[in-house]
Number of protein chains: 2
Amino acid sequence: MELADKLLAGDRRALARAITLTENEDPAAAELAAAIYPQTGRARVVGVTGPPGAGKSTIVDGLTYLYRQSGQRVAVVAIDPTSPFSGGAILGDRIRMRRGTVDPGVFIRSLATRGHLGGLSWHTGSVIRLLDAAGFDAVIVETVGAGQSEIEIMRHAETTVVVLVPGLGDEVQAAKAGILEIADVLVVNKADLAGADRLAKELDMMLKLGQPPGAASGEAWVPPIVKTVATSDEGLADLMAATERHQRYLAESGRFETRRRRELTAEVRGLVRELAGQAACAWAETAGRWERAVTAVVARQSDPRTAAGGLVREFLERR
Amino acid sequence: MELADKLLAGDRRALARAITLTENEDPAAAELAAAIYPQTGRARVVGVTGPPGAGKSTIVDGLTYLYRQSGQRVAVVAIDPTSPFSGGAILGDRIRMRRGTVDPGVFIRSLATRGHLGGLSWHTGSVIRLLDAAGFDAVIVETVGAGQSEIEIMRHAETTVVVLVPGLGDEVQAAKAGILEIADVLVVNKADLAGADRLAKELDMMLKLGQPPGAASGEAWVPPIVKTVATSDEGLADLMAATERHQRYLAESGRFETRRRRELTAEVRGLVRELAGQAACAWAETAGRWERAVTAVVARQSDPRTAAGGLVREFLERR
C-alpha cells in the first residue's frame, strides 16, 4: 500500500491524509492501520489534561520545545471535543505553538470528536499509531478533561499529566480526589497566583492519604507535584524531568507492559462494542424497523428499553 | 408490580429505590421502566448546563424555588460525571438547595456516570421518567457541560438553559459558537462582574449571525439572553419566564412533538448500540476469546481494529 509506505518513510502529507482518513472512518483507514501496526509501539505517549483555562496548551507548547531541544521529534494531538464549552472546531484554528510551527520535527493536529462518542478512543489510538509509524519519538495528547471520554483517551498515554490552577471554583476543587486515579504527574500551573501553594499542599495531603501500598519503599509510583508558570517557562524543565522519571519507572518496574496490555484490551473491547452496535443499527435502519419501533414508543405502547431490546434480539436471531 | 404502584402513588422511598435500581442496571429496572412508561410524558424537562464555575447549582436552586412558588413539584437530577474535573461523587454530598431540602415537593438526586459511557443517556431518560411517573411537574437536569455525553443528556430536555459567565478563559470563550446549537435560553450569570455586558453583546451578535429563517417573523425561536446574579436571585424570575415562554413556543408551534420523537429515536438508537455491544462483549468474554485476541494484538500480529472486527464477525455469524 502506497500510503503506508510513504507514511513509514515519514512523509508529512501522507501522514496528514492518513489522519483524515481515520477521522472520517474511511475503509482505507482500517487497511492502513493494519498495514502499519507491526511498525508501531516505539513512540512514548504523554497525555496532558485538565480543566478549561488551566493552561494546558501553553504547557504542551513548552514541553514540545523541550523535547525538540533534546533531539526528539514530537507530535501533538489536540482532542477537540467540538462541544459548546471546550473549544469546538475553533480550537483547530487557534494560534499556538509559539516556537514550533516551522520545525519539521514537530507535527500538530486537532482531532474533532463530533459524532464519535463511542469511536473516539479508537480514533485516538489509531492516530497515535500513525504518528508512531511516521517516526515521531514522542506523542503528546492534549484533552480538555471533563468527561468520561477524555479519561478513556488518557488510557492511550503511558504518562498522564494533570494540570490544575488555583481558583477554578468549587466544582473543580471538590473533584481533586478523582484526579489521583489518572494522574502520573500533577502540575499546579499559574503558580504565581494566590492560592497556588494551598492547592499544592492540598494535593500533597490527598496523595498521602490515598497512597498505595509500596509507596513508602519506592515500589509504587507517587505522582510528583510540579509547580509551573507556563507562560514564562518556569518549572517546565522540572515537568519534563518528572515525565521522564515516570517513563523510566514504568520500564524498570515492568509496569509498562502491563499498562500496554490493559490499554489494548480496553481498545479492542471498545471496538467490539462499537462495531457490534454499528452492525445492529445498520440492520435496524432497513425495512422500516426504526420507524415501527419509534412509533410504538412515541405512542407509549412500548418503552425505549423494551423496543431496543426487541430490535437487538431480532437482529441477533435473524435468518 | 409493587414498586411501580408505590412509585406511581408518589412514594419517595420507592422512587429513591427505583433510581438506584436503574443506576445499577438491575434487571428489575427494565421491568419497572416498562410498567410505568404508559404513565409518563407529562413532566416538563428543563436542562441546565454550562462550564464548571458558571453558577449552575445556584441557578437550579433558584429555579426550584420559583417552581415551588408557582405550586409545581420539582425534581432535580444532577448528572455527576465522576470525572476528575467535574465534581466526582463528591457532588452528590455537597450542601445545596438552600431553600428546598425539607419540602416534600422537591426531590434531588445525583446520578453518577462512571462506567456508563454508553448507557448514560439511557439512565437519564429512565430516571426522568421515574420522576415523571412519581408526579413531579418539572424535572431539572443539571450537567457540567463539557463533553459529547452531556450534549446527549440535554436531548432529554425540552428546554436547554446554557449558563455562561464572563472571564472563563479562551477555551470557553472560543466556544460560544457551539452554544447556539443546544441553547434555548442563554444566561449570562454573575452579571455584576466586569465583562458581563460584553459577553451578552457578543452572544447577541452571534445569535443574529446564526439566525434561522423565520426568526424575524417570530416563527423560529431565537434564544433570549437573560442576565442573572444568581447568588442574590437577580434575574431568576426573568429566566423562569423565558423557559416558560420556550415551553409555550414548543407546544404552540407543534415542535414539542417533533422534538419528543427525535429524542426517543436517539434514545432507542443508543440503547440498540449499547445492548448489541454488550451482547458481543459478553460473548467475547467466553472461551478465552478476549485473551487470544489481545495476545495477538500485544504481539503486534493483529491490529486492534482487525482483531475486534474478527471477533464481531464471528459473533454475528456464530452457530
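What counts and how
The numbering scheme is per chain: residues are counted from 1 as the chain's sequence reads. Naming scheme: in the order in which they are written, chains are lettered from A and ligands are numbered from 1. Given that the model is predicted, a residue must reach a pLDDT of at least 70 before its local features are reported, and side-chain atom pairs must reach 80 or more before they are shown or counted; all residues, however, enter totals for whole chains, interfaces and linings. Confidence scores labelled pLDDT are given residue by residue by the predictor and lie between 0 and 100. Secondary structure elements follow DSSP: runs of H or I no shorter than four residues count as helices, runs of E no shorter than two count as strands, and numbering proceeds from the N terminus. Remark: residues whose backbone-derived C-beta atoms lie within 7 Å of one another are considered to be in contact. Buried means a residue has 20 or more other C-beta atoms within 10 Å of its own C-beta, exposed means 12 or fewer, and partly exposed covers the counts in between; C-beta atoms are placed from the backbone. Multiply 1.5 Å by the residue count of a helix minus one, and that product is the helix's expected span. Here the arc refers to the directions that run from the helix axis out to each C-beta atom. Buried Ala, Val, Leu, Ile, Met, Phe, Trp, Tyr and Cys residues form a nonpolar core when they are connected through C-beta atoms within 7 Å. For each domain, the first and last residues come from an automatic or database assignment. For two strands to pair, DSSP has to find at least two bridges joining them.

All names here are of chain A. Averaged over all residues, the pLDDT of chain A is 84; the fraction at 70 or higher stands at 80%. Mean pLDDT per element in chain A: helix H5 (residues 90-93) is the minimum at 38, and strand E7 (residues 225-227) is the maximum at 97. This stretch, residues 83-100, has a pLDDT under 50; its non-local contacts, to residues over four places away or in other chains, come to 62 contacts. Counted against residues more than four places away or in other chains, residues 115-119, with its pLDDT under 50, gives 9 contacts.

So, on to the environment of Ile59(B). All names here are of chain B. The topology assignment puts Ile 59 in helix H4 (residues 56-69). Classification of Ile 59 as buried rests on a count of 25 C-beta atoms within 10 Å. Apart from the residues within four sequence positions on either side, Ile 59 is in contact with Val 48, Val 163, Val 187, Asn 189, Thr 228 and Ala 230.

The terminal C-alpha atoms of helix H14 (residues 304-316) of chain A lie 18 Å apart, and with 13 residues this matches the ideal 18 Å at 1.5 Å per residue to within 8%. All of the buried residues along H14(A) are Pro304(A), Arg305(A), Thr306(A), Ala307(A), Ala308(A), Leu311(A), Val312(A) and Phe315(A).

Residues and elements named next belong to chain B. Taking 1.5 Å per residue as the helical rise, helix H11 (residues 236-253) with its 18 residues ought to reach 26 Å, and the 26 Å between its terminal C-alpha atoms agrees with that figure. For H11, every residue scored as buried is listed here: Leu 236, Leu 239, Ala 242, Thr 243, His 246 and Leu 250. Summarising the axial view, the buried residues of H11 lie within an arc of 115°, below the 170-degree limit, and thus occupy one face. Among the exposed residues of H11, those oriented more than 90 degrees off its buried face are Arg 248 and Glu 252. Those residues of H11 that are buried are in contact with strand E1 (44-50), H4, strand E5 (159-164), strand E6 (185-188), strand E7 (225-227) and helix H12 (255-284). Trailing H11 by a residue or two, Gly 254 shows a phi angle of about 75°, which is positive.

Attention now goes to the nonpolar core. Soluble globular proteins tend to bury their nonpolar side chains together. In terms of nonpolar packing, the biggest core is built from 65 residues, with Val77(A), Leu130(A), Leu131(A), Val139(A), Ile140(A) and Val187(A) touching the most fellow members. Tallying contributions element by element places strand E2 (residues 74-80) of chain A first for this core, with 6 residues. Among the domains, domain 1 (1-43 + 72-157) and domain 2 (159-253) of chain A are the pair contributing at least three residues each to this core. Those residues in contact with Val139(A) that sit more than four places away from it in its chain are Ala43(A), Val45(A), Ala75(A), Val77(A), Ile128(A), Leu131(A) and Asp132(A). Within the second largest apolar cluster, 64 residues are counted, among which are Leu15(B), Ala29(B), Ala33(B) and Val127(B).

Let's shift gears to the environment of Tyr65(B). Relative to the elements of secondary structure, Tyr65(B) occurs in helix H4. Residues Tyr65(B) and Phe136(B), 71 residues apart in the sequence, show an inter-C-alpha distance of 14 Å.

All names here are of chain B. The alternating pattern of E6 places Val 185 and Val 187 and Leu 186 and Val 188 on opposite faces, both of which are buried. Summarising the sheet, E5 and E6 pair through 4 bridges and their orientation is parallel. Residue Leu 164 lies in a different strand from E6, and its bridge partner there is Val 188. Two strands pair when backbone bridges link them, and E6 and E7 are joined in this way by 3 bridges, in the parallel orientation. Paired with Val 188 across the strands is Lys 227, a residue of E7.

Residue and element names in this part refer to chain B. For E1, a buried count of 7 out of 7 residues is recorded, marking the element as mostly surrounded by other parts of the structure. Every second residue of E1 is oriented toward a common face, with Arg 44, Val 46, Val 48 and Gly 50 on one face and Val 45, Gly 47 and Thr 49 on the other, all of them buried. Examined bridge by bridge, E1 and E5 share 4 bridges and lie parallel to one another. Each bridged residue has a counterpart across the sheet, and for Val 48 the counterpart in E5 is Val 161.

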